[in-house]
Amino acid sequence: MIAEIILKVAGFEKGEFTYHPRPSNAGLERCLRAMCYQAQNYRGRLLADRFFAVMDDSSWHEELTLDFLRKSSFQVHSEQMVVECGEVIHNGVPFMIRGKIDGLLTDLAGVDRLFEHKAINHFTFERYAQEQFPLDYLTQMAFYFVGLTKVQPDVKEGVLLIKNKNTSQYLEFLVDYDVASDVLRVLDVVKSDGIRRDGKEFTGLYGHAMERFAEVERHRSENTLPPRQYDTGDWHCSYCGFSQMCDSSYEEEFSSFTEGADLSEIEDTVKEYVRLSDFKKRTEKTLDEVKEEIKRAMKAKECKKAKSNGYLVSLSLQKRQGLDKSLIPPEILKDVQKETLVEVLNVKHEKLNKKFQKEDSNV
Ligand code: SF4
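Residues numbered from 1 in each chain as written. Predicted model: local features only at pLDDT ≥ 70, side-chain atom pairs only at ≥ 80, totals over all residues. Heavy atoms only, no water.

*Asks:* I'd like to hear about unusual backbone geometry, residue by residue, with values.
*Replies:* A positive phi angle is found at Asn-41, which is not glycine, with a value near 60°. In this structure, Asn-41 sits in the loop between helix H2 (32-39) and helix H3 (49-70). A positive phi angle, near 65°, is found at Ser-168, a position not held by glycine. Position of Ser-168 among the secondary structure elements: in the loop between strand S6 (157-164) and strand S7 (170-178). For Ser-168, a relative accessible area of 42% gives the class partly exposed. (Helix = DSSP H or I, 4+ residues; strand = E, 2+ residues; numbered from the N terminus. Buried < 20%, exposed > 50% of the residue type's maximum accessible area, 1.4 Å probe, protein only.)

Below, the structure is given as structure tokens:
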């Protein structure tokens, strides 16, 4: 009765998302090509109504967190204050990038810190809790720090507080930022259960983001697109509204790429690729052989759980679902099969390649 209409209501008042440079789309992980599509007014796939409900629920999470904070010894103020974060050329004219900060936090010692809140899904939260850094959010904060220099120049530190929407755990990144050198340091990363991980220093987040805005503008004025930032199988592309047109136009662009360019400037990287690929092949082969030997030993003793000097070894039978294409009528198979573009990188040594070609022609 309600489930079917509620998301439609959420999406009812949605407006069109038009491109303009802003702190929230400044992050380097945001696809430059997708930004160019947007800036050139290409019409992508329509956003699902559920997307608007998700966005809306993020602001409610922020409100809940702020409500808790207001009951703590921290003072929250300057919520949604507009800051000016630098000028770029947009649509051919100078454009001031403006952003709204989530707020400023004042502690008992009277120190003000920038406050930025995000509410995200469990899997991304865990990635940030364990190993990765939320580069796009940190870039957004760098923009706000730049903007704050005009109105609150004493604010040098900030807190990025990320809430796990599934578990209500929090993850805090305490950062400081030096506007002159464009260096953002993550000083501390702590989860609400007290588990910490090391911080890291990032140079040039703001500068690179400004260069990307200039790049989007250049492509807009020349009616061109940059190469893909992500491969077709990447999750960014699965969620991208421009994926269909991106795939089809990329095939055309790719066919016009030249052959025979000189890449000596990345010779070391190419060598490393060959070394790692060989290593991977050898390791995979050895791993398969070792696996088979363990399985053989277990089957010889007809056991499925065993011990080997402190190691627990187990063998289980798992059922996996798969499609038997031979049972699907061809007219249905044709409709459900999806073609995807895949970039295949192949690196061989020139001399070896010639040797193989020669041997092949002698056969
Ligand atoms: S499909 Fe992928 S590469 Fe293409 S614009 Fe979207 S995110 Fe970028």
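From this point, the discussion proceeds with the structure in view.
*Asks:* Could you give me a rundown of helix H8 (residues 243-255), with the residues and numbers involved?
*Replies:* Here H8 contains 13 residues, and its C-alpha end-to-end distance of 18 Å stays within 8% of the 18 Å for a straight helix at 1.5 Å per residue. The elements touched by buried residues of H8 are H2 and helix H7 (235-238). (Expected span 1.5 Å × (residues − 1). Contact = heavy atoms within 4.5 Å.)

*Asks:* So, the pattern of salt bridges: which residues are in play, and what are the values?
*Replies:* Within the structure shown, the criterion is met by 24 salt bridges. Here Glu-84 ties to Arg-98 by a salt bridge, and the two come within 3.0 Å at their closest N and O atoms. Remark: Arg-98 occurs in strand S3 (residues 93-100) and Glu-84 occurs in strand S2 (residues 82-90); sequence separation between them is 14 residues. Here Arg-98 falls in the partly exposed class, since its relative accessible area comes to 45%. Its salt-bridge partner being Glu-272, residue Arg-275 comes within 3.0 Å of it at the nearest N-O pair. A residue pair is termed a helical-turn pair when its members lie 3 or 4 positions apart in one helix, as Arg-275 and Glu-272 do in helix H9 (residues 267-300) at three residues. Since its relative accessible area comes to 34%, Glu-272 is described here as partly exposed. Sharing partners across several salt bridges, the network here consists of Glu-63, Asp-67, Arg-70, Lys-71 and Glu-79. (Salt bridge = Lys/Arg side-chain N within 4 Å of Asp/Glu carboxyl O.)

Geometric values such as these leave the question of function open.
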